[in-house]
Amino acid sequence: MRLAMIGLGKMGYNMTLRLVGGGHEVIAVDQNAAVAKELAGKGATFGESVADAIAKLAAPRVAWVMVPAGVTDAVIEELGQRLSKGDVVIDGGNSNWQNSRTRAEALAKKGIHFCDAGTSGGVWGLKNGYCLMVGGAPDAIAICEPIFKTLAPADGYAHVGPAGAGHYVKMVHNGIEYGLMQAYAEGFEIMKTSPFKLDLHKIASIWGHGSVVRSWLLELLESALKDDTDLHAIKGYVEDSGEGRWTVQAAIDQDVPAPIITLSLQARFRSRQSESYGAKILSALRNQFGGHAVKKA
């Protein structure tokens, strides 16, 4: 089928290639026209702008939005002005599920469908496929299902509920990811500081075969440790893209204890401090009440 892919970053670019490879016609649009033209040389159709892309589609028109969070509203607003009743907007970015419900309600007033597609797979999705957690009305899902089935590997796509549900499930997915990554990080640091000279790359490798802690994340860790076990080229500064915070907030709102995910988020905050003021407070207090030595700056 034919669709527009708006936003050709590291995810949108590869998703376009996978769709083209699956026989779909994709109108590629990006603020950087050179990227869209590059994809046109690989089987996509160049879209000069959102307006141009919409003009090249046939009803029911489908536009997949894969842009950074800061511009999602503006793009969806423009689509709402240019699309017609029965058309579909898909947001595949990491949007807040509450925003997705609001966007769905606004578009529904014009008869335009909205699907929120939680998309996992990262830079490996082109080869392996993308796990898709999709929210939306059944009518919209029926229109777009050929797209979802091409992007996802076998059994890697599901319609999880109404609009908002897709991004909600993806939010929790990423919260769990935070916890898993933190557990690996702590375990490997314990081994690195052990009294043994352990080959951490070798350990990551063998744990991938038969171990109860084997996973794709562990395979990626093995790859990361292969050429630089000490990770000299990487600074221990860890960002978060929002989903971990939203998961913790959802846990609070729903009275669900989630200590692992919460602490994994807090660990990321700590990684950004070159010097912790809170730690200085602790050191000063120990010195005040117990005379414990402090290390001078």
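Further up the page is the structure itself.
Residues numbered from 1 in each chain as written. Predicted model: local features only at pLDDT ≥ 70, side-chain atom pairs only at ≥ 80, totals over all residues. Heavy atoms only, no water.

Participant: It is not clear to me how the overall build of the chain should be interpreted in this structure. Could you clarify?
Facilitator: Per the secondary structure count, the chain includes 13 helices and 8 strands. Taken along the three principal axes of its C-alpha coordinates, the chain extends 75 × 40 × 35 Å. Looking at the 297 residues of the chain, the share that counts as buried comes to 40%. Pairs at least 24 apart in sequence give 63% of the contacts found in the chain among residues at least 6 apart. Taken as two groups, the 30 positive and 30 negative side-chain charges of the chain have centres that lie 4 Å from each other. (Helix = DSSP H or I, 4+ residues; strand = E, 2+ residues; numbered from the N terminus. Buried < 20%, exposed > 50% of the residue type's maximum accessible area, 1.4 Å probe, protein only. Contact = heavy atoms within 4.5 Å. Lys, Arg positive; Asp, Glu negative; His and termini not counted. Charge placed at Lys NZ, Arg CZ, Asp CG, Glu CD.)

Participant: What's the story with the sheet that holds strand S7 (residues 131-135) in this structure? I'm lost.
Facilitator: Remark on secondary structure: sheet strands pair via backbone hydrogen bonds, oriented parallel or antiparallel. In spatial order, the strands read S3-S2-S1-S4-S5-S6-S7-S8; together these 8 strands make up an open sheet with mixed pairing. Of all strands in the sheet, those bounded by a partner on one side alone are strand S3 (45-46) and strand S8 (157-161). Bridge count for S7 against S8 is 4 bridges, and the pairing is parallel. Considered in S8, the bridge of Met133 is made with Ala158. (Pairing = 2+ DSSP bridges.)

Participant: In this structure, what is going on with the side chain of Thr119? I would like to understand it.
Facilitator: Position of Thr119 relative to the elements: it lies in strand S6 (residues 113-120). By relative accessible area, Thr119 is classed as buried at 5%. Within the structure, the side chain of Thr119 is placed 3.5 Å from the backbone oxygen of Gly92, a separation counted as a polar contact. (Polar contact = N/O pair within 3.5 Å; in protein donor to acceptor, adjacent residues only side chain to side chain.)

Participant: Can you walk me through the nonpolar core in this structure?
Facilitator: Looking at soluble globular proteins, one finds that nonpolar side chains tend to be buried together. Formed by 33 residues in total, the largest nonpolar core has its most connected members in Trp64, Ile90, Leu132 and Phe148. Excluding residues within four positions of it along the chain, Leu132 makes contact with Trp64, Gly118, Thr119, Phe148, Leu151, Ala152, Gly156, Tyr157 and Ala158. One finds Ile6, Ile27, Ala63 and Leu83 within the second-largest nonpolar core, a separate group that totals 21 residues. (Core = buried A, V, L, I, M, F, W, Y, C linked by side-chain atoms within 4.5 Å.)

Participant: I would appreciate a short explanation of a nonpolar patch on the surface in the present structure.
Facilitator: On the surface, Tyr277, Ile281, Leu285 and Phe289 cluster together into a nonpolar patch covering about 480 Å² of accessible area. Relative to the helices and strands, Ile281 is located in helix H13 (residues 277-290). (Patch = residues over 30% accessible without salt bridge, like charges linked within 9 Å, V, L, I, M, F, W, Y side chains within 5 Å. Areas by Shrake-Rupley, 256 points an atom, 1.4 Å probe, with all protein chains shown as cover. Salt bridge = Lys/Arg side-chain N within 4 Å of Asp/Glu carboxyl O.)

Participant: So what exactly am I meant to see when it comes to the packing of helix H1 (residues 10-21) against helix H2 (residues 33-40) here?
Facilitator: When two helices pack together, their arrangement is captured by the angle between the axes and the distance separating the axes. At their nearest, the axes of H1 and H2 sit 11 Å apart, and the two run at 20° to each other. As judged from the angle between their axes, H1 and H2 are roughly parallel. H2 is crossed by H1, and the crossing has right-handed handedness. Residues Tyr13, Thr16 and Leu17 of H1 lie in contact with H2, whose contacting residues are Val35, Glu38 and Leu39. Of the residues assigned to the contact of H1 with H2, the class counts are 4 nonpolar, 1 polar and 1 charged. (Axes fitted to C-alpha atoms, helices over the stretch in contact; angles between N-to-C directions. Parallel < 35°, antiparallel > 145°, perpendicular 65-115°, else oblique. Left-handed = near helix turned anticlockwise from the far one by under 90°. Nonpolar A, V, L, I, M, F, W, Y, C, P; charged D, E, K, R; others polar.)

Participant: Can you help me understand the layout of surface pockets in this one?
Facilitator: By rolling a water-sized probe across the atoms, one finds the places where empty space is left. By volume, the second largest pocket amounts to about 230 Å³. Here the residues of the lining of the second largest pocket sort into 4 nonpolar, 1 polar and 3 charged. (1 Å grid on protein atoms, 1.4 Å probe; cavity = no way out; pocket = protein on both sides within 12 Å on 5 of 7 lines; lining within 4 Å. Points joined across faces, edges and corners; volume = space filled by probe spheres on them.)

Participant: What's the story with the pattern of salt bridges in this structure? I'm lost.
Facilitator: Pairing between side chains of opposite charge can happen when their charged atoms approach one another. Applying the stated criterion across every chain, the model contains 12 salt bridges. Its salt-bridge partner being Glu25, residue Arg2 comes within 2.6 Å of it at the nearest N-O pair. Highlighted residues: Arg2 in strand S1 (residues 2-6) and Glu25 in strand S2 (residues 25-29), separated in sequence by 23 residues. Connected through shared salt-bridge partners, Glu239, Asp240, Arg245 and Arg272 make up one network.

Participant: Please explain H2 as it appears in this structure.
Facilitator: Residue pairs spaced three or four apart in an α-helix point in one direction, given the helix's 3.6 residues per turn. Turning to H2, its buried residues number three or more, namely Val35, Ala36 and Leu39. When H2 is viewed along its axis, its buried side chains cluster within an angular range of 100° and face the same direction. More than 90 degrees from the buried face of H2, the exposed residues found are Ala34 and Lys37. (Arc of directions from axis to C-beta.)

Participant: Is there a simple way to think about the side chain of Asp240 in this case?
Facilitator: Looking at the element boundaries, Asp240 is found in the loop between helix H10 (216-225) and helix H11 (243-253). Judged by relative accessible area, Asp240 falls into the buried class, the value being 12%. A distance of 2.8 Å separates the side chain of Asp240 from the side chain of Arg245, its partner in a polar contact. Among the polar contacts made by the side chain of Asp240, one reaches the side chain of Arg272 at a distance of 2.6 Å.

Participant: What am I meant to see in the pairing of S1 here?
Facilitator: Looking down a regular strand, the side chains alternate between one sheet face and the other. For S1, a buried count of 4 out of 5 residues is recorded, marking the element as mostly surrounded by other parts of the structure. Between the parallel elements S1 and S2, the chain passes through H1 in a crossover that is right-handed. In terms of strand pairing, S1 meets strand S4 (residues 62-65) through 3 bridges, oriented parallel. Paired with Ile6 across the two strands is Val65, which belongs to S4. (Right-handed = clockwise from strand over helix to strand, strands pointing away.)

Participant: Mind showing me how you'd approach the packing of helix H8 (residues 165-192) against H11 here?
Facilitator: Look at H8 against H11: their axes get within 8 Å of each other, and the N-to-C directions meet at 105°. As far as their axial angle goes, H11 and H8 are roughly perpendicular. The segment H8 lies against H11, with Tyr168, Met171, Val172, Asn174, Gly175 and Tyr178 engaging Glu243, Gly244, Trp246, Thr247 and Ala250. Looking at side-chain class alone, the contact of H8 with H11 contains 6 nonpolar, 4 polar and 1 charged residues.

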